[in-house]
Amino acid sequence: MKLTIFNCSPKLGKNNTEILVDRFIAGFLSQAGNQVEVYKLNQLSSVTEAVEIFTKADIVLVALPLYYYAMPGGVKEFIEALEPLAGKCNGKKVAFLIQFGFMEAVHARPLEAYFIKLTQILNCQYLGTIIRGGCDGLSSGTGFNYQKILAGMYRIGATLGKNREFDQSELDCFAQPELQQKRGK
């Protein structure tokens, strides 16, 4: 299976999205016969080039950070440029990765719903959304639950590489906590 990944972080250099994508790729490639192409959205010559790459891909993972409840502007521009493909992406499989600093997965759920709707408009098969909060500090190697987060990304990549789809229960478990627990008195 050949997977095309768009790293949509606007940051240059090593960043949290890239660290998660790298671990996902390691898991995905642990399954024989898999191939990956990775593109940094901010390093492509134009959004038109990104759309051309998307058009040619069979399976796509769009990975991005969540900034203050919103996706980066470059991701919005990319999605808007996909408009001519509405209803024409028969058979293309699309997945998403949303990472952010807040601990609770609930912060990414509206964006997840948006991505589900986007895949419907494009007539793509929605594979799922990997949601992970608590990613502050990953690029320094000191983030909260650093090893646990990286191990989870590896497992999710391996699952996709082996089964050609995500395990929703695995995604749900990885996204925890959904809400922060209230502390007792």
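Draft legend 1. Representation of the side chain of Glu104 within the structure. Position of Glu104 relative to the elements: it lies in the loop between strand S4 (93-99) and helix H4 (109-122). Look at Glu104 and you get buried, because its relative accessible area is 15%. Within the structure, the side chain of Glu104 is placed 2.9 Å from the side chain of His107, a separation counted as a polar contact. Among residues more than four places away in sequence, those in contact with Glu104 are Pro177, Glu178, Leu179 and Gln180.

Draft legend 2. Looking closely at the pattern of salt bridges. Within the structure shown, the criterion is met by six salt bridges. Measuring nitrogen to oxygen at the nearest pair gives 3.8 Å for the salt bridge that ties Lys14 to Glu18. Among the salt bridges present, the one from Lys40 reaches Glu18, with a minimum N-O distance of 2.9 Å. In this pair, Lys40 sits in strand S2 (residues 35-40) while Glu18 sits in helix H1 (residues 16-29), placing the two residues 22 residues apart along the sequence. Accessibility expressed as a relative area gives 14% for Glu18, which makes it buried. Sharing partners across several salt bridges, the network here consists of Lys14, Glu18, Asp22 and Lys40.

Draft legend 3. Region of interest: the environment of Asn7. Note that Asn7 resides in strand S1 (residues 2-7). Distance from Asn7 to Met153, taken between C-alpha atoms, is 15 Å for residues 146 residues apart in sequence. For Asn7, the residues in contact, after removing those within four places along its chain, are Asn15, Thr17, Glu18, Tyr39, Lys40, Leu41 and Ala63. At 3.0 Å, the side chain of Asn7 and the backbone nitrogen of Ser9 are in polar contact.

Draft legend 4. A look at the pairing of strand S3 (residues 59-65). Where burial is concerned, most of S3 is hidden: seven out of the seven residues are buried. Side chains Ile59, Leu61, Ala63 and Pro65 project from S3 onto one buried face, and the interleaved Val60, Val62 and Leu64 project onto a second face that is buried too. Sheet topology note: the S1/S3 ladder contains five bridges and is parallel. Of the residues in S3, the one forming a bridge with Asn7 is Ala63. Here S3 runs beside S4; their pairing, made up of seven bridges, is parallel. Considered in S4, the bridge of Val60 is made with Val94. Following the backbone out of S3, through helix H3 (residues 73-81) and into the adjacent parallel S4, one traces a crossover that is right-handed.

Draft legend 5. Structural detail: the nonpolar core. Phe6, Phe54, Leu64, Phe78, Phe115 and Leu122 are the most contacted members of the largest nonpolar core, which totals 33 residues. Every element with two or more residues in this core is listed here: helix H2 (47-56), S3, H3, S4 and H4. Sequence-distant contacts of Leu64, that is, excluding residues within four places in its chain, are made with Cys8, Thr17, Met71, Pro72, Val75, Leu97, Ile98, Gln99, Leu111 and Phe115. Leu127, Cys135, Met153 and Leu160 belong to the second-largest nonpolar core, a separate cluster that totals 26 residues.

Draft legend 6. Fine view of the pairing of S2. Alignment of S1 against S2, held across six bridges, turns out to be parallel. Within the sheet, the bridge partner assigned to Asn7 lies in S2 and is Lys40. Handedness of the crossover joining S1 and S2 through H1 is recorded here as right-handed.

Draft legend 7. Highlighting unusual backbone geometry. Put simply, Gln176 and Pro177 share a cis peptide bond, and its omega is 5 degrees. Looking at the element boundaries, Pro177 is found in the segment after helix H6 (168-175). If you check the backbone angles, Asn123 has positive phi at about 65 degrees while not being a glycine. Along the chain, Asn123 falls in the loop between H4 and strand S5 (125-132). Phi at Arg164 takes a positive value of approximately 65 degrees, unusual for a residue other than glycine. Counting through the fold element by element, Arg164 comes out in the loop between helix H5 (146-163) and H6. For Arg164, a relative accessible area of 33% translates into the label partly exposed.

Cut-offs used in this document
- Residues numbered from 1 in each chain as written.
- Predicted model: local features only at pLDDT ≥ 70, side-chain atom pairs only at ≥ 80, totals over all residues.
- Heavy atoms only, no water.
- Helix = DSSP H or I, 4+ residues; strand = E, 2+ residues; numbered from the N terminus.
- Buried < 20%, exposed > 50% of the residue type's maximum accessible area, 1.4 Å probe, protein only.
- Polar contact = N/O pair within 3.5 Å; in protein donor to acceptor, adjacent residues only side chain to side chain.
- Contact = heavy atoms within 4.5 Å.
- Salt bridge = Lys/Arg side-chain N within 4 Å of Asp/Glu carboxyl O.
- Pairing = 2+ DSSP bridges.
- Right-handed = clockwise from strand over helix to strand, strands pointing away.
- Core = buried A, V, L, I, M, F, W, Y, C linked by side-chain atoms within 4.5 Å.

None of the figures reported here should be taken as evidence of function without further support.
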